[in-house]
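Take a look at the letters that make up each chain.
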Amino acid sequence: MKIAVLSGKGGTGKTTVSNNLAINIKNTILIDTDVEEPNSHIFLKPDIEKIDSVFIGYPEVDMNKCNLCGKCGEFCRFNAIIPAKNSVVVFNESCHDCGGCAMVCPTNAITYKQREIGKIYSGKTKYDIDMKYGEINIGEMSGVRIIEEVKEKIKNEEIVIIDSPPGTACSTVAAVEGVDYAILVSEPTPFGVSDMKMVVEMLREMNIPFGLVINKAKLGDDEIYEYANNENIEILAEIPFNKEIAKLYANGELFSIHLKEYKEIFENIYSQILSKL
Ligand code: SF4
Ligand code: SF4
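No experiment lies behind these values; they were computed from the predicted model shown.

(A) Representation of the pattern of salt bridges in the model. For the structure shown, the criterion picks out 14 salt bridges. In this structure, Glu-60 and Lys-113 form a salt bridge, with 3.5 Å as the shortest nitrogen-oxygen distance. Placement of the pair is Glu-60 in strand β3 (residues 47-61) and Lys-113 in strand β6 (residues 110-124), with a sequence separation of 53 residues. Since its relative accessible area comes to 37%, Glu-60 is described here as partly exposed. The residue Asp-97 makes a salt bridge to Arg-145 at a minimum N-O spacing of 3.4 Å. Taken together, the residues span a long stretch of sequence, with Asp-97 in the loop between β5 (88-90) and α4 (100-104) and Arg-145 in helix α5 (residues 144-152) at a distance of 48 residues. The structure contains a network of salt bridges with shared partners spanning Lys-14, Asp-34 and Asp-163.

(B) A look at the site of ligand 2. For ligand 2, the full set of nearby residues is Val-61, Cys-66, Asn-67, Leu-68, Cys-69, Gly-70, Lys-71, Cys-72, Cys-105, Pro-106, Thr-107 and Ile-110. The class makeup of the residues in the shell around ligand 2 is eight nonpolar, three polar and one charged.

(C) Summary view of the side chain of Thr-15. Tracing the backbone through its elements, the reader meets Thr-15 in helix α1 (residues 14-23). Of the polar contacts made by the side chain of Thr-15, one reaches the side chain of Asn-39; its length is 3.1 Å. Among all residues touching Thr-15, those that are not within four sequence positions of it are Asn-39, Ser-40, Phe-43 and Asp-163.

(D) Region of interest: unusual backbone geometry. Even without glycine at this site, Asn-79 takes up a positive phi of about 55°. The backbone of Lys-216 sits at a positive phi, close to 55°, despite the residue not being glycine. By secondary structure assignment, the location of Lys-216 is in strand β10 (residues 210-217).

(E) Quick peek at the site of ligand 1. In the neighbourhood of ligand 1, 13 residues make up the surrounding shell, with Cys-76, Cys-95, His-96, Cys-98 and Cys-101 lying closest. Among the residues forming the shell around ligand 1, the class breakdown is 10 nonpolar, two polar and one charged.

(F) Local environment of the sheet that holds strand β1 (residues 2-7). Pairing within the open sheet is mixed, and its nine strands lie in the order β3-β6-β7-β2-β8-β1-β9-β10-β11. The open sheet terminates on both sides in strands that have one partner only, identified here as β3 and β11 (235-240). Adjacent strand axes in the sheet meet at a mean angle of 20°, parallel and antiparallel pairs treated alike. Bridge count between β1 and strand β8 (residues 159-163): four bridges; the pairing is parallel. Paired with Lys-2 across the two strands is Val-160, which belongs to β8. Here helix α8 (residues 223-230) sits on the sheet in contact with β9 (181-186), β10 and β11, set at roughly 170° to β10.

(G) Structural detail: the packing of aromatic side chains. For the structure shown, the criterion picks out four aromatic pairs. When the centroid spacing of 4.8 Å and the interplanar angle of 15° are considered together, the rings of Tyr-121 and Tyr-133 count as stacked. Note that Tyr-121 is positioned in strand β6 and Tyr-133 in strand β7 (residues 130-136), a separation of 12 residues in sequence. Pair check on accessibility: Tyr-121 and Tyr-133 agree, each one buried. Residues Phe-255 and Tyr-262 carry aromatic rings whose centres are separated by 5.5 Å and whose planes lie at 80° to one another, so their mutual orientation is edge-to-face. Residue Phe-255 shares its accessibility class with Tyr-262, and that shared class is buried. Three or more aromatic residues joined by ring pairs make a cluster, and in this case those are Phe-255, Tyr-262 and Phe-266.

(H) Local environment of the environment of Ile-42. You can see Ile-42 is positioned in helix α2 (residues 40-44). Sequence separation of Ile-42 and Lys-153 is 111 residues, and the distance between their C-alpha atoms is 21 Å.

Cut-offs applied
- Residues numbered from 1 in each chain as written.
- Chains lettered and ligands numbered in written order.
- Predicted model: local features only at pLDDT ≥ 70, side-chain atom pairs only at ≥ 80, totals over all residues.
- Heavy atoms only, no water.
- Salt bridge = Lys/Arg side-chain N within 4 Å of Asp/Glu carboxyl O.
- Helix = DSSP H or I, 4+ residues; strand = E, 2+ residues; numbered from the N terminus.
- Buried < 20%, exposed > 50% of the residue type's maximum accessible area, 1.4 Å probe, protein only.
- Near = heavy atom within 4 Å.
- Nonpolar A, V, L, I, M, F, W, Y, C, P; charged D, E, K, R; others polar.
- Polar contact = N/O pair within 3.5 Å; in protein donor to acceptor, adjacent residues only side chain to side chain.
- Contact = heavy atoms within 4.5 Å.
- Pairing = 2+ DSSP bridges.
- Axes fitted to C-alpha atoms, helices over the stretch in contact; angles between N-to-C directions.
- Phe/Tyr/Trp six-rings, centres within 6.5 Å; stacked < 30°, edge-to-face > 60°.

Function cannot be inferred from these measures alone, as they are strictly geometric.
Structure follows, in structure tokens:
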């Protein structure tokens, strides 16, 4: 079973929720697919046992074969290959390795080379759960391939919690694709609600059942409650704003370990999800 944890924007408590949930469920693996800013490992503190490089292809043009017809440039919607007057310019970082330019090239002038775009770290945490996280190399534009490879490393029978990238970018779609359930984490502020609306649309479009966890509950206004009520979105849990929680977070600690009264929140979230699937 796969459960994605996501949010409209960064900093709403998505990692807090996914990590605390993972350690309160038995036989879980947590994967952090927020490859631009993975931080689950800061809290879960895994002993890294394996590091895998992730590679992506990019085109190389043999100018002895190229007739500058322009077809590759017309095909590429990422502007990663641009035929100019005397040569074809390739922007490696923009290439998504779709293979299309080689397919449309009439002279077979295009071959592919590989470059590393990031790494996947795998290890065992001190909470006795496994974790994997991807990290994109600086300067790379898309972490989708890394996310796909992290997900491919998971066995079907495992209970997987996916700490997903925020928002509705391609990387978020890649992280939540194929999950059984999504937990949307938001804060009760007007900004939190407006960012959340797009994620709600995305999840509905993808036909993924979801529920809401309100972090720092009672800190803001009632807009999020009204929105959830009007849109028929179930509130799975509310995590109160609490100085002790904030302090533990700042120290890289998971609050449900230290404040046992909150353990129940995460056990409850999980049983609610199980009852819906
Ligand atoms: S492989 Fe795809 S994304 Fe990359 S340059 Fe060719 S057409 Fe563009
Ligand atoms: S499609 Fe092939 S022949 Fe045409 S410009 Fe691109 S590389 Fe050259």
